[in-house]
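Report on the structure
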Amino acid sequence: MPLATTLQSGDALIIVDVQNDFLPAGALAVPRAAEILPVLREYAARFERRQLPVVNVRDWHPVGHASFRSRGGPWAEHCIQFSAGAESPAGLELPPGAVTVSKGTDAADESGSAFANPQFEATLHTLRVRRLFVGGLGTEHGVFETVCDARRRGFEVFLLRDAVRALNLRPDDGARVEGEMVRLGAVPLTTVDLCQRDPAASALLTDIFEVGMLRAYFDAGMTDTAVFEFAVRRLPPGRNFLVAAGLEQVLQFLEELHFNDWEIDWLDRMRGFSPEFLAALKGLRFTGDVDAMPEGTLFFPHEPVLRISAPIAEAQLVETRLTNLLHYPTLVASKAVRAVLAAAGRPLVDVGLRRAHGAEAAVLAARACYLAGFSATSDALAAQHYGIPAAGTMARSFVEAAVSEEDAFRRYARSDPANVVLLIDTYDAAAAARLVVRLAPEWQAEGITLRGVRLERDDPARQARRVRRILDEGGLPGVKILASGNLDECTVAQLVGAGAPIDGFALGSRLVTSADGPYLDCDYKLQRYDGRFRTRRVEGETTWPGVKQVFRERAPAGRFECDVVALAGEAHEGEPLLVPVMRAGRRLGGGESLAVVRERVRRGVASLPARLRALEVAEPYPVFMSEPLHHECVAAGVFPGTGEPAEPPTGRPPPGPMPQAVAPAPVGACLER
Ligand code: ZN
């Protein structure tokens, strides 16, 4: 199925048999026919906006048509010329420019195809139509016959799956003919594919139960302000700290949050909501406040990363997408920063696009890696969109497609003379390195700069040493050696530790899937509603109660000493990490550049206690609880961190370190290889 098909000239919307007699009160009612009316309106509006033709094909039978039972045919009398049953339903709202073509006007003609009337094809030719987008009532009759004829005549056909309904005299008739039409080359399509909105920006990108809860809040008249916090409960295996990322995307999502007409129609059809509730949904915008750790802030379990205060419907609805937008970038940035530490200053390139779990993930991963300290991405779209340096070299197929490796290197170098990085281990890396040495004088004369060579096969340390020696002896000490191929921070650390002469690394699959810890145990929890704290106690996952702030205390030299989680509004030593970023639905400030975020990560990592910069699990960073927050826990009957109610320690100034929620992950959590 094409994702995001775009309308173009030569496209036409073909509406078949959408007439009163085929609607519920009609003579030949098609089950659930009314459901397609708003969908067709949406399609028609899109075609009209693009000034593309809409053709309405109707049954227009004379009295005594051959298909009627009175004449021995299969059908009740329907769509008699000039009768109310033959009219378009009021809910269809055809655009003013729509062309109407009648069929079945000959009493003896039983065909249900639009092409049965030659005027239809003539109209398509006049309008220069090449692609038909077909919807309508009676999938297995008028729609099916029209699509078959169109394919036979060589038209491209899109079957509008959300804008057809079958008569289904046998239960699976509609599904069966949909399959047949697809086999004939019709492309199934829905409104979503037509990109009426970027799917990632749709307000429907939420769990359906969030909308269900909104209805319950609405019915109960619950409109007070709710405070929710997003936090990570425990570190993934092997991690000593996390890097906050994704706030920029969250703020954009909150600013743009709204349901459009089509989404409201769909909810109505799915759930039959009351008009009052649908009107409330239609008017819903995010009007709340957001406080958050700026992107690139290093943080630890139980610390709120983001806090939302908003009318409860707004704060609730955003839960799913907000979590989705914070979770993945934070996961990848927290993985990527480990590779940056392992590479000890050598440049890193993200090449994860092809293995990332989807297009949005790939682009967000490229951004997360860059803010964590990577130098470049191979993802052209991410490079274009975020201004990340783009990098990459030839693939093995380029070398294999050429008549020889020498031919491949020559062609590649001449095509992009300022930026030559060659993959040299397709056959024999040492031989290829000697070839590079031989070609170098020729290239120098042509003004071609060989910047580097890339190795991606077994034992990169040994290969790199051989290649380095050959390049150095051949007078090419400035040519860099890059390594790629299933690397992660652990292999990078091993190569660096072994003194392999590798100048940079490309990381992909293991990085963007965070292979050794593919998700964060995180949540978005209600902390206060209607002025009262809300705490839930569930065995094994007690959340620290209350609306909170995190204070980071530093040693005089700037090194992080400890964090204190306190109640918001408490005065405390140290830097408050949650800062106001949105008020009344409006962003404060113009957003941060990735350069600023990168610098925050760099400084944060440099300020960490040294043990936490290791790839192995270290003694946890101390996160304390303030005395008032501790009282809150006692009042709530929980001893946070253990998941069990317990007698809290008494006389606690100064507060003691909290027990860890889980035992640290075993050392060496990197994947076996
Ligand atoms: Zn008919």
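In the block above lies the structure referred to throughout.
I will try to describe carefully the structure that is included in this document. (Residues numbered from 1 in each chain as written. Predicted model: local features only at pLDDT ≥ 70, side-chain atom pairs only at ≥ 80, totals over all residues. Heavy atoms only, no water.)

1. A look at the packing of aromatic side chains
Describing an aromatic ring pair means giving the distance of the ring centres and the angle of the ring planes. Summed over all chains, the structure comprises eleven aromatic pairs. Each ring, one from Trp60 and one from Phe82, has its centre 5.0 Å from the other, and the planes form 75°; the classification is edge-to-face. Taken as a pair, Trp60 in the loop between strand S2 (54-59) and strand S3 (99-103) and Phe82 in the loop between S2 and S3 lie far apart in primary sequence, 22 residues in all. The class of Trp60 is buried, set by a relative accessible area of 9%. Seen from their ring centres, Phe300 and Tyr621 are 4.1 Å apart, and the 15° between their planes marks the pair as stacked. With Phe300 in the loop between strand S10 (298-299) and strand S11 (304-311) and Tyr621 in the loop between helix H19 (594-607) and strand S25 (623-625), this residue pair connects regions lying 321 residues apart in the sequence. Classification of Phe300 as buried rests on a relative accessible area of 2%. Put simply, the rings of Phe47, Phe133 and Phe158 touch in pairs and so form one group of aromatic residues. When the ring centre of Tyr386 is taken as origin, the NZ or CZ atom of Arg367, which lies over that ring, is 5.5 Å away. Taking the ring centre of Tyr370 as reference, the NZ or CZ of Arg598 above it sits at 4.0 Å. (Phe/Tyr/Trp six-rings, centres within 6.5 Å; stacked < 30°, edge-to-face > 60°. Helix = DSSP H or I, 4+ residues; strand = E, 2+ residues; numbered from the N terminus. Buried < 20%, exposed > 50% of the residue type's maximum accessible area, 1.4 Å probe, protein only. Lys NZ or Arg CZ within 6 Å of the ring centre and 35° of its normal.)

2. A word on the layout of surface pockets
Approximately 1,100 Å³ is the volume attributed to the largest pocket. Lining the largest pocket are 38 residues, and of these Val351, Gly392, Thr393, Arg454 and Ala506 sit closest to its centre. Listing elements by their share of the lining of the largest pocket, those giving two or more residues are strand S15 (450-455), strand S16 (480-483), strand S17 (504-507) and helix H18 (509-512). When residues of the lining of the largest pocket are assigned to their parent elements, the largest contribution, four residues, is made by S17. (1 Å grid on protein atoms, 1.4 Å probe; cavity = no way out; pocket = protein on both sides within 12 Å on 5 of 7 lines; lining within 4 Å. Points joined across faces, edges and corners; volume = space filled by probe spheres on them.)

3. Some words on the pattern of salt bridges
Under the criterion given, the structure shown has 44 salt bridges. In this structure, the salt-bridge partner of Asp516 is Lys335, at a minimum N-O distance of 2.8 Å. With Asp516 in the loop between H18 and strand S18 (521-529) and Lys335 in helix H10 (residues 319-343), the pair connects residues that are 181 residues apart, well separated along the chain. Accessibility expressed as a relative area gives 9% for Asp516, which makes it buried. For the salt bridge of Glu489 with Arg338, the shortest nitrogen-to-oxygen distance reads 2.8 Å. With Glu489 in helix H17 (residues 489-497) and Arg338 in helix H10, the pair connects residues that are 151 residues apart, well separated along the chain. The network of salt bridges with shared partners includes Glu406, Arg410, Arg414, Arg438, Glu442 and Glu446. (Salt bridge = Lys/Arg side-chain N within 4 Å of Asp/Glu carboxyl O.)

4. Some words on the coordination of the zinc ion
Looking at the zinc ion, one finds its protein donor set to be Asp59 (OD), His61 (NE2) and His78 (NE2), positioned 2.0 to 2.1 Å from the metal centre. Within one chain, the residues serving as donors to the zinc ion are arranged as D-x1-H-x16-H. The pair Asp59 / His61 is uniform in exposure class, with both members buried. (Donors = N, O, S within 2.8 Å, 3.2 Å for Na, K, Ca; no water.)

5. Some words on the sheet that holds strand S6 (residues 187-189)
Across the sheet, which stays open at both edges, the six strands sit in the order S3-S2-S1-S4-S5-S6 with parallel pairing between neighbours. Looking at the sheet topology across the chains shown, the edges are occupied by S3 and S6. Between one strand and the next, the sheet's axes are offset by a mean angle of 25°, whatever the strand orientation. (Pairing = 2+ DSSP bridges. Axes fitted to C-alpha atoms, helices over the stretch in contact; angles between N-to-C directions.)

6. Examining the sheet that holds strand S14 (residues 420-423)
If you walk across this open sheet you meet the six strands as S13-S12-S17-S16-S15-S14, and the pairing is parallel. With one partner strand each, in any of the chains shown, strand S13 (376-377) and S14 form the two edges of the open sheet. As defined by bridge partners, S16 adjoins S17 across two bridges and the pair is classed as parallel. If you follow Ala483 over to S17, its bridge partner there is Phe505.

7. Focus: the packing of helix H14 (residues 405-415) against helix H15 (residues 429-446)
Each pair of packed helices gets described by two things: the angle between the helix axes and the distance between those axes. Orientation of H14 relative to H15, taken along the N-to-C sense of each, is 35°, at an axis distance of 11 Å. Helix-helix and strand crossings are classified by hand; for H14 and H15 the assignment is right-handed. Here Glu405, Glu406, Phe409, Arg410, Ala413 and Arg414 of H14 lie close against H15, whose contacting residues are Ala432, Leu435, Val436, Arg438, Leu439, Glu442, Trp443 and Glu446. Residues belonging to the contact of H14 with H15 are distributed by class as follows: seven nonpolar, no polar and seven charged. (Left-handed = near helix turned anticlockwise from the far one by under 90°. Contact = heavy atoms within 4.5 Å. Nonpolar A, V, L, I, M, F, W, Y, C, P; charged D, E, K, R; others polar.)

Keep in mind these numbers describe shape, not what the thing actually does.
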